[in-house]
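# Architecture at a glance
Now for the letters of each chain:
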Amino acid sequence: MAMAMSCIGGLVPFASPTSKVYKNTSTSCSSSQLSTHLPNEHANDINSNNNGSNNKFSYSRASPSERWPHLQLQLAETYPVSQTPFSATPPQLTHVDKEAELSLESSMSETLEVNDETQEKLGRVSKTRVKKMTKLALKRAKDWRERVKFLTDRILGLEQDQFVADVLDDRKVQMTPTDFCFVVKYVGQENWQRALEVYEWLNLRHWYSPNARMLATILAVLGRANQEVLAVEIFTRVGPAVGNTVQVYNAMMGVYARNGRFQKVQELLDLMRERRCEPDLVSFNTLINARLKAGSMLPDLAIELLNEVRRSGLRPDIITYNTLISACSRESNLEEAMKVFDDMDSHNCQPDLWTYNAMISVYGRCGMAYKAEQLFKALESKGFFPDAVTYNSLLYAFAREGNVDKVKEICEEMVEMGLVKDEMTYNTIIHMYGKQGQHDLGLQLYRDMKLSGRNPDVVTYTVLIDSLGKANKVKEACNVMSEMLDVGVKPTVRTYSALICGYAKTGMAVEAEETFNCMRRSGIRPDFLAYSVMLDILLRCNQITKALVLYREMVCDGFTPDHTLYEVMLQALRKENKVEDIKKVVRDMKELCGMNPQAISSFLVKGECYDLAAQMLRLGISNGDELDDENLLSILSSYSSSGRHKEACELLEFLKEYAEGHNQLITEALVVVLCEACQLDAALKEYSNARVSGLFSRSATMYESLIRCCEENELLTEASQIFTDMRFYGVEPSESIFKNMVRVYCKMGFPETAHCLINQAELKDLLLDNSSIYVDVIEVYGKVKMWQKAESVVGNVRQRYMTVDRKIWNALIQAYAASGCYERARAVFNTMVRDGPSPTVDSINGLLEALVVDGRLTELYVVIQELQDMGFKISKSSILLMLDAFSQAGNIFEVKKIYSGMKAAGYFPTMHLYRIMIGLFCKGKRVRDVEAMVYEMEEAGFKPDLSIWNSMLKLYSGIEDYKKIAQIYQQIKEAGLEPDEDTYNTLIIMYCRDRRPEEGLSLMYEMRKVGLEPKLDTYKSLISAFGKQQLLEQAEELFNELHSKGYKLDRSFYHTMMKIFRNSGNHSKAESLLSMMKEAGVEPTIATMHLLMVSYGSSGQPQEAEKVLTNLKETGLNLTTLPYSSVINAYLKNGDYDVGIQKLMEMEKEGLEVDHRIWTCFIRAASLSQHTSEAIILLNALQDAGLDLPIRLMTEKSELLFSELESCLEKLEPVEDNAAFNFVNALGDLLWAFELRATASWVFQMAIKKNIYRHDVFRVADKDWGADFRKLSAGSALVALTLWLDHMQDAALQGYPESPKSVVLITGTSEYNMVSLNSTLKACLWEMGSPFLPCKTRSGLLVAKAHSLRMWLKDSPFCLDLELKDAPSLPELNSMQLIEGCFIRRGLVPAFTDITERLGLVWPKKFARLALLSDYKRDKAIQADIEGGKEKLEKLKTKVGYKRKRMIKKLRKRKFTRRPLSNPN
């Protein structure tokens, strides 16, 4: 526990010098306590009771209240100050860390006391001292010296309970008035109380009237004892006859000067002149001393004071100059010291050793130890030898720099020169150790000092207390104070201030206050630091009343708080809402400190008194005061830090109107404030107005605020423009601006510009030590695949900072990873492992990402194993990265494997992981996996979000499971999720695919109501669906709506509408679309014209199609075979084979080479021709055009044909428009139609081999048994069906591969070249009596139960021989016929037509049975079936009516029973 100081009775102004200080748990400053109204005997009794056997000296006449009772002076009552622990830690003090260098510096430069005793020391013999005497005078002088010494020794040898009167009344020696003056002086040097007792005794006895010399002597004694109050009273009471002498005035001025009371000294000087007492040089030296102690050394103040002396008719002497130089030394003011020294030299005043010592001290205090040493070495050449003061001054110079070796060297030289280390030497070194924090060495030196016989003085103790207090060692500082009092060294104001600051710094507010009170009771007047610290403590401990009292005392003593203390004071008063006290403080700031309203407003803002601050500033500006820029910026800064941006803007608007000449500053400030208030638009507008008006700002702060706000709001272009303006106007960017702009250019994707800014900042020695700046640049270089530049950034960092941060290494790895440079990324990774810093999860993920980008997914497992062998643990994020990579690659097997391994390792799936997995399964159409994953997800406590539901919608839409889509949509609604664009678009497309465009249109309107707009593709799907459903009006209405609303429709919309108009036979509207396209700025292409020609061709108007071709020719375009193929196809479909052949020949004449489009047209027409001769004619025309392969396949049986076909397909594979695919489809139709089934099978299998057809057309070997014949032509599909049934028959007979529960055949719903694949395959399978039935939930699917299918394949007569064979010769007629989009066997057409028209869709077995009957029997069977259906319907109606009657009768017979309302039990 720190020791609190108790002043028992206080060190009152007249305490005995021999009072002992006792140390128990607290340091007590005890002195004699007098009861001023008691007799001496009673007072001694009290003192005996209080102090035991230690009788203390008391002298009631020394009490001012006793001597001058009419002044009503009262001493502080004696009371013990209890040591109260300070339990609550107060806020951090502001003045603790502002302590001055307390003791050493002041003691070394102690301002000269100009009096009779110091005249000789400063270079001149005092006028009041005894001059050179004769032998008789010497004898007499010896006599008076003996008398004075005798009487002085007797007085100082008195016990505490003895009085001076006992010695003086004895009259053993005859004393003169001059003798008594010397007695008072010499006694006062040891004990000012005894000296005052002598002076009072002389006054009481009236033996000698006080003369000027006696009065000057006692005043000097009281001044040295810091008893200003007593000195003032004595000087005031003395008569004018005695007091009106220059010696008395000088002595009284010396009393004031000691405390720096310059105003009082000036008043005395003026009083001297009023009373016609001419001041002498001592008077002016004292005045200078007081001025220099009263305040800091202002520029040219020393020269002004010297000129003042000269204007009085006096010549400054060595004392004057030494006083001024010593003051400069105390304030470390080298410039003023040099001016005084030069003035001294110019006026022929020779410097003495004191002067040089002071100059050495000045150099040392200004940190110029080398200059001090130069002057020290030059002393001998100037005729002076260094004394102890010289060495101590030089010692201080190096001690101030902490040069321990040099300090030791000077000490050794000092001892060698015969000088001993005095108190000042020890004090300097102790102070040096204290500043270095080596308190143990300081305390050890303090002990060595005492052992060497040197008594530590007040400076020693003050230095120790100060250094220990600053180091928070308050207990040790308190112990030092106790030792100081024990040895009788009286603390000074600096000593107390040092201890108070120590208490304050450690938060011991109570102890600090007790010490402050003890100092005042001891008669020591607090200085500025003591007042400031104590006031700060009281304010921060919320003791406002005490603080205000102390503040008034401080002001009365001539001190005013500094700016920081005023801030604290105003804040404390504001918190207590003491408005009147705030106004009083503001008045003091104005009257005492001379602050203008603007400066006061700044303090009020910092004190959070915003309204009053704004009033003061407005008042100042309204009164015509010039706006202080710094005060304004301080006010705005305080406003901004407290978030009062609105008030700041209002203030600036006011200043903008009334403060002329500051428009640029106000504009800049307004922009900054608006940025702080996040009103970026207003700030940019203000900045733009300033640019327009020509106010080119030079404020980096404004640009920094604008750029920072633009970056935060992602206004990157604006930030770049502002930075460009800034550079154009010559404003140097700060480090913060460089950092902001580097980030801006990185976000804009300009890493090279950002890199250039970093280089510029480094050239300006702006160390951008924030690693995130370099990381941003490296990352952007990586994103733009410029990893070489990223390498150079890292190289620069290594060269400049030696070490590279882990984030920078990881950023470089990521840059390599973005370009797939795994080897380089691995090299960096190995460097981190070898040299540090160690790699992190981000480093590992960078390696894996490099492999992923490079497409080396198979190596991921190898790298993972290597890392695990190196001791790295694979994190969950690394596993997710791998899983995402395989998911992007669509590798479901690897994804499932990684997922299982992750769960086995204890990593729980996250929402993101479920999203990835479900998305992958949806893309792969793994319905069961998706449903299982959703179930698992819900079991784990996760709820599917909208993105998962959307993925599932797309899945079921892709497989056309519309029932599931409806369920998912219902679940979305039940979960409270709002459908987004993807949801609505997917649902609308689903309705379009399900041929329910009306519902899709309704959903589109609902989508628009919630503020969402469908995609153009969605509109296109709706239009197309309406077209397929022959809902021409709705399609046209939707198209016109889009066109009228200004949507930018691409060419595909117009093509879709052309197809719709073509299919509906409305060819005029199809032609009108051409003009609409041109008006919309969409130029029709050859493909557009092709569609129009196809439209005419499909409507049986080949001539119109030919007109379109003619128009195209007239445009001068380079035509391809596409428009010719449209015209030729139109004629061939119309049966005009001769005209078609003629157009072929015309095309050849025009220089166009016959290509795959023409081939496909002729082959397809041949496959649909009724007679074989017609097919031969068409194929011969192709042969004449250069393609003989089709006719040879029809008529020849050579194996060479296979290689020729293969060669032909190889040539067609790279050709656009699916040339090979369409060619094979046409050949399949042709060969199947003319019963060349084996050849057709061979062509089909070659197409699969060449990847023209998919490999998974049927999947019996994959245990799936499913087949997908979509996009195949009718003939190719029939070949595929026969081969598929053959494979399934073999599997059924062998029992392997096993079949699933049901087998699915996908036919699709689309028509190709007017042929429906779904109708064709159903007709074939129905004729065979197969178990395949249409799917109930999806159109375009045929499903058969596996067991029924296997039985049918084994037992059906249609399946006895599924081998495909060629007919021995070509039939005369085509074996197939196209009827209503169905490509069926010609002999089946009558039966198919009869059955479907009369019975509609029937089961396959029933169809097969009816088809095999003769026409007569089939007619009877169909008629019987129709009649049987009617009878069955009638029976059903009768049965339903009978059951209903029985139910009603039963209800009537039921007995009514009343049930109880509640259970009686």
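In this text the structure is predicted, and so the values were computed from the model without any measurement. (Residues numbered from 1 in each chain as written. Predicted model: local features only at pLDDT ≥ 70, side-chain atom pairs only at ≥ 80, totals over all residues. Heavy atoms only, no water.)

## Describing the overall build of the chain
Test applied: For helices the rule is a DSSP run of H or I covering at least 4 residues; for strands it is a run of E covering at least 2, with both sets numbered from the N terminus onward. Only heavy atoms enter the contact rule, under which two residues are in contact if any of them lie within 4.5 Å. The accessible surface values rely on the Shrake-Rupley method and a 1.4 Å probe; as for residues, cover is taken only from the protein chains in view.
Helix and strand content of the chain: 74 helices and 10 strands. Taking contacts inside the chain between residues at least 6 apart in sequence as the whole, the part at least 24 apart equals 65%. Within the structure as shown, the chain displays about 70,900 Å² of accessible surface, and the carbon and sulfur contribution to it stands at 50%.

## Re the pattern of salt bridges
Pairing of side chains with opposite charge becomes possible as their charged atoms draw close. Note the cut-off: Think of a salt bridge as a Lys or Arg side-chain nitrogen and an Asp or Glu carboxyl oxygen that are within 4 Å of each other.
A full pass over the atoms with the stated rule returns 53 salt bridges. One salt bridge connects D343 with R310, and the closest N-O pair in it is separated by 2.6 Å. Within this pair, whereas D343 is found in helix α16 (residues 334-346), its partner R310 is found in helix α14 (residues 301-311), the two being separated by 33 residues in sequence. Through salt bridges with shared partners, a single network forms among E373, K377, K406 and E409.

## Structural notes on the nonpolar core
The cut-off we apply is this: In plain words, nonpolar cores are sets of buried Ala, Val, Leu, Ile, Met, Phe, Trp, Tyr and Cys residues tied together by side-chain atoms within 4.5 Å. Summary of the burial criterion: residues with accessible area below 20% of their type's maximum are buried, those above 50% are exposed, and those between are partly exposed, where the area comes from a 1.4 Å probe applied to protein chains only.
In terms of nonpolar packing, the biggest core is built from 277 residues, with M952, F1162, F1223, F1244, Y1253, F1269 and W1284 touching the most fellow members. With 12 residues, helix α69 (residues 1274-1294) is the single largest residue contributor to this core. In this structure M952 touches I918, C922, V930, V934 and I968, once residues within four positions along its chain are discounted. By size, the runner-up hydrophobic cluster in this structure holds 171 residues, among which are I360, M484, F603 and M616.

## With respect to helix α38 (residues 716-728)
Given 3.6 residues per turn, any residue in an α-helix points the same way as the ones three and four places further on. Threshold: Here a helix's expected span is defined as the number of its residues, less one, multiplied by 1.5 Å.
With 13 residues, α38 extends 18 Å from end C-alpha to end C-alpha; this agrees with the ideal 18 Å at 1.5 Å per step. As for α38, its buried residues are in contact with α36 (680-692), α37 (700-712), α39 (735-747) and α40 (751-763). G730 sits one or two positions beyond α38 and adopts a positive phi of about 85 degrees.

## Some details on the sheet that holds strand β4 (residues 1302-1306)
What counts here: One requirement defines pairing of two strands: DSSP has to find at least two bridges between them.
Strands sit in the order β3-β4-β8-β7 across an open sheet of four strands; the sheet is mixed. Each edge of the sheet is formed by a strand with only one pairing partner; in this case those strands are β3 (1267-1268) and β7 (1333-1334). Here β7 runs beside strand β8 (residues 1341-1345); their pairing, made up of two bridges, is antiparallel. The residue of β8 that forms the bridge with P1334 is L1342.

## Comments concerning unusual backbone geometry
Cis rather than trans, the peptide bond between G836 and P837 has omega equal to -10 degrees. Mapped onto the secondary structure, P837 falls in the loop between α44 (822-835) and α45 (841-853). At the junction of Y1296 and P1297, the peptide bond is cis and its omega measures out at -5 degrees in the coordinates. Turning to its location among the elements, P1297 is positioned in the loop between α69 and β4. Positioned with a positive phi, N472 is a non-glycine residue whose angle comes to about 65 degrees. Counting through the fold element by element, N472 comes out in the loop between α23 (458-470) and α24 (474-486). With relative accessibility at 45%, the residue N472 sits in the partly exposed group.

## A look at the state of the cysteines
Rules: The disulfide criterion is simple: two cysteine sulfur atoms within 2.5 Å.
The final tally for this structure, using the stated rule, is zero disulfides. Lacking any disulfide linkage, C710 is separated from the closest cysteine sulfur, that of C709, by 7.2 Å. Residue classification places C710 among the buried positions, given a relative accessible area of 0%.

## A short note on the packing of helix α13 (residues 281-294) against α14
Helix packing for two helices is described by the angle between their axes and how far apart those axes are. Basically, it comes down to this: Lines fitted to the C-alpha atoms define the axes, with helices restricted to the stretch that makes contact. Angles between their N-to-C directions range from 0 to 180 degrees. Should an angle fall under 35 degrees it is taken as roughly parallel, and over 145 as roughly antiparallel, whereas 65 to 115 is taken as roughly perpendicular and any remaining angle as oblique. Left-handed describes a crossing whose near helix is turned anticlockwise from the far helix by less than a right angle; the clockwise case is right-handed. Residues are grouped as follows: Ala, Val, Leu, Ile, Met, Phe, Trp, Tyr, Cys and Pro are nonpolar; Asp, Glu, Lys and Arg are charged; every other residue, Gly included, is polar.
Direction vectors running N to C along α13 and α14 enclose 160 degrees, while the axes themselves pass 11 Å from each other. Put simply, α13 runs roughly antiparallel to α14. Viewed along their axes, α13 and α14 form a crossing whose handedness is right-handed. Where α13 approaches α14, its residues L281, F284, I288, R291 and L292 are matched on the opposing element by L301, L305, E308 and V309. Among the residues making up the contact of α13 with α14, the classes are represented as seven nonpolar, no polar and two charged.

## Details of the environment of V927
Looking at where V927 falls in the secondary structure, it is placed in helix α50 (residues 927-939). On the accessibility criterion, V927 (22% relative accessible area) is partly exposed. A sequence separation of 28 residues divides V927 from L955, and the C-alpha atoms of the two residues are 7.7 Å apart. Those residues within four positions of V927 in sequence are excluded, and the remaining contacts are L955, Y956 and I959.

## Some details on helix α17 (residues 353-365)
This is how the line gets drawn: Two N or O atoms form a polar contact when they lie within 3.5 Å of each other; inside protein one atom must be a possible hydrogen donor and the other a possible acceptor, and for residues adjacent in sequence the pair counts only when both atoms belong to side chains.
Here α17 contains 13 residues, and its C-alpha end-to-end distance of 18 Å stays within 8% of the 18 Å for a straight helix at 1.5 Å per residue. Burial analysis of α17 places 12 of its 13 residues in the buried class, which makes it a mostly covered element. Among the residues making up α17, those that are buried are L353, T355, Y356, N357, A358, M359, I360, S361, V362, Y363, G364 and R365. Structurally, the start of α17 carries an N-cap: the backbone nitrogen of W354 is 3.3 Å from a side-chain oxygen of D352. In the segment just after α17, G367 is the residue with positive phi, at about 75 degrees.

## Notes on the environment of S1021
Within the fold, S1021 resides in helix α55 (residues 1016-1028). On the accessibility criterion, S1021 (22% relative accessible area) is partly exposed. Setting aside its immediate chain neighbours within four residues, S1021 contacts I989 and C992.

## Section: the packing of aromatic side chains
Where two aromatic rings form a pair, the distance of their centres and the angle of their planes describe that pair. Defined as follows: Note on aromatic pairs: the rings of Phe, Tyr and Trp (six-membered ring only in Trp) are paired at centre separations within 6.5 Å, and the planes decide the class, stacked below 30 degrees, edge-to-face beyond 60, tilted for the rest. The rule for a charge over a ring is simple: NZ of Lys or CZ of Arg within 6 Å of the ring centre, and within 35 degrees of the ring normal.
The full count for this structure, using the stated rule, is 23 aromatic pairs. An aromatic cluster is built from F341, Y356 and F384, whose rings are joined through pairwise contacts. Above the ring of F1053, the side-chain terminus of K1020 is found at 5.3 Å from the ring centroid.

## Focus: the confidence of the model for the chain
Short version of the rule: For every residue, the predictor reports its confidence as pLDDT, a number between 0 and 100.
Taken as a whole, the chain shows an average pLDDT of 77; of its residues, 85% reach a score of 70 or greater. Taken together, the stretch residues 1-133 has pLDDT below 50 and engages in 306 contacts with residues farther than four places along the chain or on a different chain. For the stretch residues 1455-1465, pLDDT sits under 50, and the model shows zero contacts to residues farther than four places along the chain or on other chains.

## Brief notes about the packing of helix α19 (residues 388-400) against helix α20 (residues 404-416)
It is the contact of α19 with α20, at a shortest axis distance of 9 Å, that shows an interaxial angle of 170 degrees. With respect to α20, the element α19 is oriented roughly antiparallel. Taking contact as the criterion, the partners of A388, Y391, N392, L394, L395, F398 and A399 in α19 are, on α20, K406, V407, I410, C411, E413 and M414. Residue composition of the contact of α19 with α20, grouped by class: 10 nonpolar, one polar and two charged.

## Side note on the pairing of strand β9 (residues 1376-1379)
Of the pairings in the sheet, the one linking β9 to strand β10 (residues 1382-1385) comprises four bridges and is antiparallel in character. When the bridges of β10 are listed, M1376 appears paired with R1385. In textbook terms, the turn of a hairpin is the stretch between consecutive antiparallel strands, and for β9 and β10 this stretch comprises two residues, one of which, E1380, has a positive phi near 55 degrees.

## A few points about the side chain of T831
Along the chain, T831 turns up in helix α44. Beyond its immediate sequence surroundings of up to four residues, T831 is in contact with W809 and G836.

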